[in-house]
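Observations on the model geometry
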Amino acid sequence: MLYNLAQGPLVWVAFILFVAGSVYQVTRLLALTRKTEAHRWGRTPDAGPLSGTRPADGLSGRWTARLRLSIAGTQPLTIGVTVIFHTLLFLVPLFLLAHNILVDEAWGFSLFAVREKLSDYLTWLFLACALFFLLRRMLLARVRALSSFQDYYILFLAAAPFASGFLAYHQIFDYRMVITLHMLLGELMLVSIPFTRIAHMFLFFVLRFLVAHEYSLGSGRRVWR
Amino acid sequence: MLDRALTEVAASGKTTAVDTAEIKHMLDRHKAKIKISLRACVHCSLCAESCFLYTSHHRDPRYMPAYKFIHSTGLLYKKKGKVDRACLEKIRDIVWQDCVLCTRCYCICGIDIPGLISLARSICRSQGVYPDFTVSGER
Ligand code: HEM
Ligand code: SF4
Ligand code: SF4
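All of the points below concern the structure found in this document.

About the thresholds
- Residues numbered from 1 in each chain as written.
- Chains lettered and ligands numbered in written order.
- Predicted model: local features only at pLDDT ≥ 70, side-chain atom pairs only at ≥ 80, totals over all residues.
- Heavy atoms only, no water.
- Near = heavy atom within 4 Å.
- 1 Å grid on protein atoms, 1.4 Å probe; cavity = no way out; pocket = protein on both sides within 12 Å on 5 of 7 lines; lining within 4 Å.
- Sits in = over half its atoms within 2 Å of the grid points.
- Nonpolar A, V, L, I, M, F, W, Y, C, P; charged D, E, K, R; others polar.
- Helix = DSSP H or I, 4+ residues; strand = E, 2+ residues; numbered from the N terminus.
- Expected span 1.5 Å × (residues − 1).
- Bend = angle between axes of the 7 residues up to and from the residue.
- Buried < 20%, exposed > 50% of the residue type's maximum accessible area, 1.4 Å probe, protein only.
- Contact = heavy atoms within 4.5 Å.
- Salt bridge = Lys/Arg side-chain N within 4 Å of Asp/Glu carboxyl O.
- Axes fitted to C-alpha atoms, helices over the stretch in contact; angles between N-to-C directions.
- Parallel < 35°, antiparallel > 145°, perpendicular 65-115°, else oblique.
- Left-handed = near helix turned anticlockwise from the far one by under 90°.
- Core = buried A, V, L, I, M, F, W, Y, C linked by side-chain atoms within 4.5 Å.
- Donors = N, O, S within 2.8 Å, 3.2 Å for Na, K, Ca; no water.

What to know about the site of ligand 2
Every residue close to ligand 2 is listed here: Leu-146 of chain A together with Cys-41, Val-42, His-43, Cys-44, Ser-45, Cys-47, Ala-66, Phe-69, Cys-107, Ile-108 and Ile-113 of chain B. Surrounding ligand 2 are residues belonging to chains A and B, so the site spans chains. According to the grid-proximity analysis, the pocket containing ligand 2 is the second largest cavity. The residue inventory of the shell around ligand 2, partitioned by class, reads ten nonpolar, two polar and no charged.

A look at the site of ligand 3
Residue and element names in this part refer to chain B. Every residue lining ligand 3 is accounted for by Cys-51, Leu-53, Lys-68, Cys-99, Val-100, Leu-101, Cys-102, Thr-103, Arg-104 and Cys-105. Judged by its atoms lying within 2 Å of the grid points, ligand 3 is housed in the largest cavity. Across the shell around ligand 3, the residue classes break down as seven nonpolar, one polar and two charged.

Re helix 5 (residues 76-94) of chain A
All names here are of chain A. In a regular helix each residue adds 1.5 Å, so 19 residues correspond to 27 Å; helix 5 covers 27 Å between its end C-alpha atoms and thus fits that length. The largest bend in helix 5 comes to about 30°, at Leu-88. Buried within helix 5 we find Thr-78, Ile-79, Val-81, Thr-82, Phe-85, Leu-88, Leu-89 and Val-92. Next to the buried residues of helix 5 lie helix 4 (71-74), helix 7 (116-139) and helix 9 (149-169).

Digging into the pattern of salt bridges
Residues and elements named next belong to chain B. One pass over the full model with this rule turns up eight salt bridges over all chains. Measuring nitrogen to oxygen at the nearest pair gives 3.2 Å for the salt bridge that ties Asp-93 to Arg-92. Given the relative accessible area of 5%, Arg-92 is considered buried.

Focus on the packing of helix 5 of chain A against helix 9 of chain A
Residue and element names in this part refer to chain A. Orientation of helix 5 relative to helix 9, taken along the N-to-C sense of each, is 40°, at an axis distance of 11 Å. The pairing of helix 5 with helix 9 is recorded here as oblique in orientation. The two elements helix 5 and helix 9 cross, and the hand of that crossing is left-handed. For the pair formed by helix 5 and helix 9, the contact residues are Phe-85, Leu-88, Leu-89, Val-92 and Pro-93 on the first element and Leu-155, Ala-158 and Phe-162 on the second. Per-class residue counts for the contact of helix 5 with helix 9 are eight nonpolar, no polar and no charged.

Points about the nonpolar core
If you look at the biggest cluster of nonpolar residues, it comprises 63 residues, and the most contacted ones within it are Ile-23, Phe-69, Leu-76, Leu-88, Ile-111 and Ile-113 of chain B. By residue number, the principal contributor to this core is helix 8 (residues 113-126) of chain B, which donates seven residues. In this structure, Phe-69 of chain B is in contact with Ser-37, Leu-38, Cys-41, Gly-74, Ile-111, Ile-113, Leu-116 and Ile-117 of chain B, ignoring residues within four places of it in sequence. Of all hydrophobic cores here, the second largest spans 13 residues; its members include Leu-89, Val-92, Phe-126 and Ala-130 of chain A.

Here's the deal with the coordination of the iron atom of ligand 1
Surrounding the iron atom of ligand 1 are the protein donor atoms His-86 of chain A (NE2) and His-200 of chain A (NE2), at 1.9 to 2.0 Å. You can call His-200 of chain A buried: its relative accessible area is 18%.

The structure is reproduced here in structure tokens:
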């Protein structure tokens, strides 16, 4: 019963809410930053505070200085883990054989799928990254000082579909129960994207690339109305 | 904190009631920016090292740029401006003592942290709450 609901109508409900919510969030964000201004800082980001070195140091000198002064330089481990975490978050479900078989059955086409063994290893890797973020949030005073319930919730939403998918694939516990849970968790994550802090997925690109500020990537000129 | 006690600044003279409507009005003018910034912050703490006050205060989390904007403008926004003078005085210490508004904070998500901190300064100032740097005996 719940199984049928989760694999049929709820997929559509989740998908429609996800698309509608995302379109709403992005259009609202663009409307709120519709006004544009000439560059406030009077220089391109290349010459901004991250350049931090003299022109005589040459191009490679400027780039190493830039990297060193950026967050990749101050927190290399976390940046490394977050890049792996976010990449796998998208790639593993998209190129999973089991998902692509379902897509093929439904629509007669599918993406390319990676070997199941590889998906399995990558799921392990993803869960390890999620564990890293969980421990970081629980143990480091600097992260704890900023944490709220929702931070744990979005981390859970990201990791739970992977963990339950892993259990289902290996048929650990009752398969039908686990796969139902897996579908429900995936749907919950999808609808949560536009309505929780996971919306950083859109906010990140608008705020870093389009809105004008000292550390803009690119030449954003939008300002808040 | 020892260094805090040493740099403690005297409160400003004004003791009249807080005009919460005026604070609300000031917040409303920047509502979109505040709301979206609070939403966009993933509470990752990666902005910490960009603030020299954080690194020079034994990495005390209270000096993290995110902590400062969340506990100043963020707090005012959550309370919809309904705060008392004691609360404004706490915010004053955050936005003047713990931050010098050097605008170097670097947020991975592109949040304009100095803009939000300076808004908290304007709001405090509008209520006559600001540090008094007068040398003792001068007034
Ligand atoms: C293209 C889309 C996305 C971009 C550009 C992006 C970018 C970022 C950035 C810059 C951070 C801060 C660095 C960090 O703490 O790791 C972050 C953190 C995070 N993201 Fe994303 N993100 C995206 C999509 C997602 C999605 C879809 C989810 C979840 C379903 C997600 C979950 C998280 C979580 C849980 C954290 C916090 C990690 C922590 O505890 O510090 N992200 N993201
Ligand atoms: S780097 Fe940005 S998103 Fe992360 S805690 Fe600091 S202000 Fe928030
Ligand atoms: S503006 Fe304030 S919070 Fe930002 S880096 Fe400077 S002192 Fe730190």
